[in-house]
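Residue-level structural notes
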Amino acid sequence: MRIITCDTYEELSKKAAKIVASQITLKPDSVLGLATGSTPVGMYSALAKLCKRGELDFSEVKTFNLDEYYPISKANKQSYDYFMRKNLFSKINIKNENVHIPNGETTDPKKECEDYEKQIKASGGIDLQVLGIGQNGHIGFNEPDASLNSYTHLANLSENTISANSRFFDTPSEVPKQAMTMGISTILNAKKIILLASGANKRRVVSELINGGINTSIPATMLKTHPDVTLICDKDAYIGAKLGIDIGGTNIKVAVIDSDKVVYKCHFKTGATEEKILSSLIEKIKSINASFNITTVGIGTPGIIKNGKVTSANLPFSDTPLQSIIAKETGLCTTVDNDANCAALGEVVFGNTKDCENIVLVTLGTGIGGGIIMHRQILHSNNNMGEIGHFVIQAENGRPCKCGQHGCWEQYCSMTAFIKDAKQLALENPDSILFGMIKNDKLSGKDIFKAIDCGCEVAQKVFDRYVRYLALGINSLVNIFGPDAVVLAGGVTEQGDKLLNPLKRLIKNDIRIEISDLQNDAGALGAAML
Ligand code: PGA
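A brief look at the structure comes next.

Procedures and definitions
- Each chain carries its own residue numbering, running from 1 in the written order of its sequence.
- Local features are withheld for residues below a pLDDT of 70 in this predicted model, meaning they are given only at 70 or higher, and side-chain atom pairs are given and counted only at 80 or more; totals for whole chains, interfaces and linings count all residues.
- Only heavy atoms go into the side-chain values, all of them from the structure, while hydrogens and water stay out.
- Where helices and strands are cited, they refer to DSSP runs of H or I of at least four residues and of E of at least two residues respectively, numbered from the N terminus.
- Any residue under 20% of the maximum accessible area for its type is buried, any over 50% is exposed, and the rest in between are partly exposed; the area is computed with a 1.4 Å probe on protein chains only.
- For every accessible area listed, the method is Shrake-Rupley and the probe measures 1.4 Å; residues are considered covered only by the protein chains on display.
- Here Asp and Glu are counted as negative and Lys and Arg as positive; His is not counted, and neither are the chain ends.
- To locate a charge, the coordinates of NZ of Lys, CZ of Arg, CG of Asp or CD of Glu are taken.
- DSSP-based pairing: two strands are paired if at least 2 bridges between them are found.
- The contact rule is simple, with two residues in contact once any of their heavy atoms fall within 4.5 Å.
- Fitted lines through C-alpha atoms give the axes, limited to the stretch in contact for helices. The angle between two N-to-C directions lies from 0 to 180 degrees.
- Near residues are defined by distance, with any heavy atom within 4 Å of the molecule or strand qualifying the residue.
- Polar contact is the term for a pair of N or O atoms within 3.5 Å; when the atoms are in protein, one must be able to donate a hydrogen and the other to accept it, and sequence-neighboring residues count only if both atoms are side-chain atoms.
- Cavity and pocket criteria rest on a 1 Å grid covering protein atoms alone: a 1.4 Å probe that fits but cannot get out defines a cavity, protein on both sides within 12 Å along at least 5 of 7 lines defines an open pocket, and an atom within 4 Å of a point defines a lining residue.
- Put plainly, a molecule is in a cavity or pocket when over half of its atoms are within 2 Å of the grid points there.
- Residue polarity is assigned by list, with Asp, Glu, Lys and Arg as charged and Ala, Val, Leu, Ile, Met, Phe, Trp, Tyr, Cys and Pro as nonpolar; anything else, Gly included, falls into the polar class.
- Grid points are joined across faces, edges and corners, and a volume is the space filled by probe spheres set on the points.
- Take the buried residues of types Ala, Val, Leu, Ile, Met, Phe, Trp, Tyr and Cys, join any two whose side-chain atoms come within 4.5 Å, and each joined set is a nonpolar core.
- In this scheme, a helix's expected span is set at 1.5 Å multiplied by one less than its residue total.

**Description of the overall build of the protein**
Looking only at helices and strands, the protein has 17 helices and 22 strands in total. Each principal axis of the C-alpha distribution contributes one length, and for the protein these read about 105 × 50 × 40 Å. Looking at the 530 residues of the protein, the share that counts as buried comes to 54%. Entry remark: accessible area of the protein is about 24000 Å², with carbon and sulfur atoms responsible for 50%. Separation of charge centres in the protein, based on 57 positive and 58 negative side chains, amounts to 1 Å.

Pasting the structure below:
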């Protein structure tokens, strides 16, 4: 199930309308399954506007509504027939004969249901089904447990539904006690399904739908067996906390985000074996879930991730089904992605580039890592991608790299390379300040900058060359991805303007270069937003 979260009900309505509109544009004679209730009203109004502006044509579209009260007269303002004509059909160019709603005036509801099912089949089946969700998890009038009939049928409404729907009637006693409804199989036979959920009264059921298993007490969970379901919810319906985890070689970092705010952070040591890492993760997630109402778990890990399975050179993971193990053991909806991708997502959601649509994150550490964000989403492929440390910037006599190539960027601009270069030049210049800084055969990044501050020309030379190579790589990334900003992270960026000012002079097109204000926190924060 795909999940789209929207800030507001208006946004939800527009997104849902866009999906329906695309369906009609792609297939003008689409068969739509439509829902009633308060949730799709905004979507219908957006569709009506598109039609009025001549941007959408319903002339060949056929519709089948999910359900209708029984018995009810079409003239009754609470009938779904009346509702659909008022909210949609009277405002669009749909042909009357193409509209189908179970007839609440029939004297033979059983036959009406059977005929309805036949009509759906005869139309070629539903291309796109729009659904709402009841507070008790019903879809259509498929109520929990007892009445999970497969095809269109007459259903008894539950007390919960009668009470929820009594807001439309003068008294609860006027709410019909039965309805004709498409069955679960009718719904699941649709090629595509969008499920809309809005408002805090749907929060509990949405959380159970996302995190729970498939069970008849929440009929909507049956949708989990369908290959193409998109849940679109507004913030009120989907406000549970998000847990983000960043697995590093030394520490595992954890962040809990609730309503866009970080409400909890911690870290613990990374276990030495696969078993230890997994058991510590499961234990931590369970204990955090007991304190916070966690809706989703996102995990960032080094390595290559395919279908939730991780293989990493830096961790004891080899084809480890991390996603399915965590989801199964914790019962929470879990997503796994590469750690650098998560950090990039963290930057664009929480960092000083949160105003950007497209960024490239470059982490200058032991190697060079990075993530690419396009339109506020991680840029993915089916293969390993975003290994920006491994594009070649020195074609001739390039330094050998562990990846097998020569001249990779990280051989010139990682922190490791910077220090190695500085040490080599210091040893060649034993009269330099930088040479004097070598202690126990060791030199740190900070030592190099200290030497520069003391006027050391050798240290300055190393740094100038480092910045030139850094600019070379960044300019190439800018050429390829055209980001709004490039974000730099890692130890060397602690130098702030000392790094930024000379670098910016070498960057093309005045592209924005930022130093990450999140640094090591970006991974867990981004993982939470997966
Ligand atoms: P609502 O109803 O959109 O009015 O919340 C949804 C449903 O009961 O299916």
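Let's pick the thread back up.
**Observations concerning the sheet that holds strand β18 (residues 359-364)**
Spatially, β20-β19-β18-β21-β22 is the arrangement adopted by the five strands of the open sheet, whose pairing is mixed. Among the strands making up the open sheet, the edge pair consists of β20 (377-378) and β22 (512-515). The sheet contact formed by β18 and strand β19 (residues 368-374) spans six bridges and is antiparallel. Bridge assignment links L364 to a residue of β19, and that residue is I368. Its contacts with the sheet place helix α10 (residues 339-350) against β18, β19, β20 and β21 (485-489), and it is angled at close to 50° to β19. Along the sheet, helix α16 (residues 497-504) makes contact with β21 and β22, crossing β22 at roughly 165°.

**Side note on the environment of M182**
Tracing the backbone shows M182 in the loop between β8 (178-181) and α6 (184-188). Each C-alpha atom of the pair M182 and A343 lies 45 Å from the other, and the pair is 161 residues apart in sequence. M182 has contacts with F64, N65, L66, Y116, I120, I126, Q129, N142, Y151, T152, H153 and I187, leaving out every residue within four places of it along the chain.

**Observations concerning the site of the ligand**
Taken together, G37, S38, T39, G132, I133, G134, H138, R167 and K202 form the complete shell of residues around the ligand. A distance of 2.8 Å separates an oxygen atom of the ligand from a polar atom in the side chain of S38. T39 has a polar side-chain atom sitting 2.4 Å from an oxygen atom of the ligand. For the ligand, whose free accessible area comes to 280 Å², the fraction covered by protein is 83%. Most atoms of the ligand, that is more than half of them, are within 2 Å of grid points of the second largest pocket. Taken together, the residues of the shell around the ligand sort by class into one nonpolar, six polar and two charged.

**Looking at empty space enclosed by the protein**
Taken as a whole and judged by the stated rule, the model has two cavities of 30 Å³ or more. Counted as a void, the second largest cavity has a volume near 30 Å³. Lining the second largest cavity are F418, D421, V462, R465, Y466 and Y469. At four residues, the largest contribution of residues to the lining of the second largest cavity is made by helix α15 (residues 457-481). Here the residues of the lining of the second largest cavity are counted per class, giving four nonpolar, no polar and two charged.

**So, the sheet that holds strand β4 (residues 67-70)**
Ordered by their spatial adjacency, three strands build an open sheet running β4-β8-β7, and the pairing between neighbours is antiparallel. Of all the strands in the sheet, the pair left with one neighbour each is β4 and β7 (153-156). Going across the sheet, the axis of each strand differs from the next one's by a mean of 30°, ignoring polarity. Bridge analysis of β7 against β8 gives four bridges, and the strand direction is antiparallel. Bridge pairing links N156 to Q178 in β8.

**A look at the layout of surface pockets**
Taken as a whole, the second largest pocket holds about 660 Å³ of empty space. Considering the residues around the second largest pocket, the lining is formed by 34 residues, among which T36, G37, S38, R167 and F168 are closest to the centre. Of all the secondary-structure elements, those providing two or more residues to the lining of the second largest pocket are β4, α3 (80-87) and α5 (159-165). Considering every element that reaches the lining of the second largest pocket, the biggest residue donor is α3, with five residues.

**A few points about the nonpolar core**
Note that soluble globular proteins tend to have their nonpolar side chains buried in a common cluster. Counting residues in each nonpolar core, the largest one holds 47 residues, and the members touching the most others are V362, W409, L434 and I474. The greatest single-element share of this core, amounting to 12 residues, is contributed by α15. In this structure, A21, L47, C51 and M84 belong to the second largest nonpolar core, which totals 32 residues.

**A look at helix α8 (residues 274-291)**
Over its 18 residues, α8 extends 26 Å from the first C-alpha to the last, a length consistent with the 26 Å expected when each residue adds 1.5 Å. Those residues of α8 that sit buried are I277, L278, S280, L281, I282, I285 and I288. Those residues of α8 that are buried are in contact with β11 (241-247), β12 (251-258), β13 (261-269), β14 (294-301) and α9 (322-330).

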